[in-house]
Amino acid sequence: MNAYMERAASHSMASSSVQRMSSASPSMAQRHRMHRRAVHLNVITPARTESVSKLNGRPSQTSPTPTVVATPPPADVLTAAVAPAKLDLELMNTNLKNVVGNRHPMLMAAAEQIFGAGGKKLRPVIVFLVARATANLMKLPDITEKHRRLAEIVEMIHTASLVHDDVLDECDIRRGKQTINSLYGTRVAVLAGDFLFAQSSWFLANLDNLEVIKLISQVIADFANGEISQAASLFDTEITLEQYLDKSYYKTASLIAASCRSAAVFSDVSEDVKGCMYAYGKHLGLAFQVVDDILDFTQSTEQLGKPQGQDLASGNLTAPVIFALQHAGVKDELLAIIESEFVEEGSLGKALELVEAGGGIAAARALARKEADLALAALAPLEDCPAKRSLQLMVDYVLERIY
């Protein structure tokens, strides 16, 4: 067993200990969630500062029973997280539809489908939140036009990659909506994706910042690396956790990390803060991908909008499988099923059961929590403000999808 596989096996065995400890000793992510919910409830006590200190592991004084203000918190964590960037996002959506449709009327209908209502648009939201949090740190009166353009670039790049992915995968539905290629054909879908990549490159060049140009340009190369790595490792039961995380970085975390750092660049913060914003984006992106991969095993076909276990069925072995393959009790049977490429009826359902029984999902949850804690720690240099609290809530949103 090589070093990577030993590390994966060790992580898998440790996962049960992590879960046992969690009820008595909350992780950083759990402590932050408890504190942020108190803030959103507007819990007021004479010793509020001491209570917050207790959440951070420091001694606190005994506080009287808190008074809860009548204003309820947002029912949806994501709604609360997006709130500081809501108006920014609305302006961005209008601009993006105009960019595509006004230049090329043939793509107007496609533009409405791509950038219209619906979709969480998490990546530009994160750009706006980092922009506002770092602008607050530097005492800027508002975010800049370059911050806004960066968010548009990030959304165009991400959307272009999805449009092309749907063509390659011959996908008709994405998150409950018909895809561009299913509505308008492959030709329009390819042209729309190409146009978005080209337009984002032009906008990027006009930002006149070499550091940001290099950061975002690398993301496009990383997308290709991620797709090639995934295609080369289908049904490869020797894939390591390290290789999986590299692939996840290329496909998901690279764009979020680069865009977070780029937003910090336009706020003119220190090198240390820029590095922390990159780390936040990287670890949030990795947590997001691990959670997505867990949901492929735990959610129903109706919830997923695609068949349960589709990644596994197509040979894409993700964190839950990698961890389960370290479990002696299920390894041999799970290996045999995967190497058969699920030719026997019912073999996929059996494989899903074995991944659960082998502790793969529990270990993957522990990995997601670890990445989430690293993302939260990276926010330390920021001053408290609504945007920082929303960046913390974004971590909550990612984790709560698996609980």
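A brief report on the enclosed structure follows. (Residues numbered from 1 in each chain as written. Predicted model: local features only at pLDDT ≥ 70, side-chain atom pairs only at ≥ 80, totals over all residues. Heavy atoms only, no water.)

## Structural notes on the packing of helix α10 (residues 186–205) against helix α11 (residues 210–232)
For any two helices packed against each other, one specifies the inter-axial angle together with the distance between the axes. To keep things clear, this is the line we draw: An axis is simply a line fitted to the C-alpha atoms; with a helix, the fit covers only the stretch in contact. Between two such axes, the angle follows the N-to-C directions and lies from 0 to 180 degrees. Numbered from the N terminus, helices here are DSSP runs of H or I no shorter than four residues, and strands are runs of E no shorter than two. Here the angle decides the label: under 35 degrees means roughly parallel, over 145 means roughly antiparallel, 65 to 115 means roughly perpendicular, and every other value means oblique. We call a crossing left-handed when the near helix sits turned anticlockwise from the far one by less than a right angle, and right-handed when that turn is clockwise. When checking whether two residues touch, look at their non-hydrogen atoms; a contact exists if any pair is within 4.5 Å. Residues are grouped as follows: Ala, Val, Leu, Ile, Met, Phe, Trp, Tyr, Cys and Pro are nonpolar; Asp, Glu, Lys and Arg are charged; all remaining types, including Gly, are polar.
For the pair α10 and α11, interaxial distance at closest approach is 10 Å and the crossing angle is 165 degrees. Classified by the angle between their axes, α10 and α11 sit roughly antiparallel to one another. In the packing of α10 onto α11, the handedness of the crossing is left-handed. Where α10 abuts α11, its residues F197, L204 and A205 lie against V212, I213, I216, S217 and I220. Per-class residue counts for the contact of α10 with α11 are seven nonpolar, one polar and no charged.

## Looking at empty space enclosed by the protein
Selection rule: Here a cavity denotes grid points, spaced 1 Å and computed from the protein atoms alone, that fit a 1.4 Å probe unable to get out, and a pocket denotes an open set having protein on both sides within 12 Å along at least 5 of 7 lines; residues with an atom within 4 Å of a point are the lining. Grid points are joined across faces, edges and corners, and a volume is the space filled by probe spheres set on the points.
Summed over all chains, the structure comprises two cavities of 30 Å³ or more. By volume, the largest cavity amounts to about 50 Å³. In terms of lining residues, the largest cavity is bounded by L122, R123, I126, I256, L284, F288, M394 and V398. Going through the elements one at a time, α7 (122–137), α13 (271–298) and α20 (386–400) are the ones with two or more residues in the lining of the largest cavity. Looking at the lining of the largest cavity element by element, the count peaks at three residues for α7. In the lining of the largest cavity, the residues fall into seven nonpolar, no polar and one charged. Its boundaries defined by the atoms lining it, the second largest cavity holds a volume of some 30 Å³. Every residue along the wall of the second largest cavity is listed here: D88, L91, M92, N95, F128, R148 and E152. Contributing elements (two or more residues each) for the lining of the second largest cavity: α5 (86–103) and α8 (145–168). Residue contributions to the lining of the second largest cavity peak at four residues, all from α5. Of the residues in the lining of the second largest cavity, the class split is three nonpolar, one polar and three charged.

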